[in-house]
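# Breakdown of the fold
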Amino acid sequence: MNRRAFLTSFFSALAVAMIALAASAVPATAQAPIPNACCTYTVDVAGVPATCLPFKLLTRWTGGTETILVTANGVSLQNITFAPCPPPPAQFGYASLDGGVTKAWFNFPATFNLGTCCYVVRIGVDAAGCIIVYVRGC
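Read on for an overview of the structure. (Residues numbered from 1 in each chain as written. Predicted model: local features only at pLDDT ≥ 70, side-chain atom pairs only at ≥ 80, totals over all residues. Heavy atoms only, no water.)

This next bit is on the sheet that holds strand E2 (residues 55–61). Reading across the sheet, the 3 strands line up as E3-E2-E5 and stay open at both edges, with antiparallel pairing between neighbours. With one partner strand each, in any of the chains shown, strand E3 (64–70) and strand E5 (92–96) form the two edges of the open sheet. Pairwise comparison of adjacent strand axes, ignoring direction, gives a mean angle of 20° for this sheet. Alignment of E2 against E5, held across 4 bridges, turns out to be antiparallel. Across the sheet, Leu58 pairs through a bridge with Ser96, a residue of E5. (Pairing = 2+ DSSP bridges. Helix = DSSP H or I, 4+ residues; strand = E, 2+ residues; numbered from the N terminus. Axes fitted to C-alpha atoms, helices over the stretch in contact; angles between N-to-C directions.)

Moving on: the sheet that holds strand E6 (residues 110–114). Ordered by their spatial adjacency, 5 strands build an open sheet running E4-E1-E8-E7-E6, and the pairing between neighbours is mixed. What marks the edges here is a single partner per strand, and that holds for strand E4 (74–79) and E6. Across the sheet, the axes of successive neighbouring strands diverge by a mean angle of 20°, strand direction being ignored. Of the pairings in the sheet, the one linking E6 to strand E7 (residues 117–125) comprises 5 bridges and is antiparallel in character. Bridge assignment links Leu114 to a residue of E7, and that residue is Cys117.

Another aspect to go through is the pattern of salt bridges. Under the counting rule described, the total for this entry stands at 1 salt bridge. Of the charged contacts in the structure, one is a salt bridge between Arg136 and Asp44, with a shortest N-O distance of 3.1 Å. Taken as a pair, Arg136 in strand E8 (residues 131–137) and Asp44 in strand E1 (residues 40–46) lie far apart in primary sequence, 92 residues in all. (Salt bridge = Lys/Arg side-chain N within 4 Å of Asp/Glu carboxyl O.)

We now examine the state of the cysteines. Per the counting criterion, the structure on display carries 4 disulfides. A disulfide bridge connects Cys39 with Cys85, and the sulfur atoms are separated by 1.9 Å. Its S-S torsion of about -75° marks the bond between Cys39 and Cys85 as left-handed, since a negative value means left-handed. With Cys39 in the loop between helix H1 (3–25) and E1 and Cys85 in the loop between E4 and E5, this residue pair connects regions lying 46 residues apart in the sequence. On the basis of relative accessible area, Cys39 is assigned to the partly exposed category, the value being 25%. Note that Cys118 is cross-linked by a disulfide to Cys138, the S-S spacing being 1.8 Å. A torsion of -65° about the S-S bond marks the disulfide between Cys118 and Cys138 as left-handed. Remark: Cys138 occurs in the segment after E8 and Cys118 occurs in strand E7; sequence separation between them is 20 residues. (Disulfide = S-S within 2.5 Å. Buried < 20%, exposed > 50% of the residue type's maximum accessible area, 1.4 Å probe, protein only.)

Structure below.
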């Protein structure tokens, strides 16, 4: 192999490796909605200091968003109110504490640092297939 062919092969391989590395380093910017079998969702808040309450929780669903004011630690059941349900329940997209700038996806928790407060938001589903939004203090 002559020098020119070697350099061409080398730089082509290097370019492919750099593109692959760049693609793997970029976080996902969107995720498909996950199935939701219910017209309600659960918010489970624990370990959040009183000085970090209240906070606004935004959830994104197919067709709309819900924003609630969380005032205390505990478990609450929330109605999905922007669309009639049943017949079809809205599918879940993400949850956010900063208006949607940072998103907690199903299986991809997010950490929110808001002022002096730190929260971790994780999304799960219960045995019936209903969404649970877990909020914990860091």
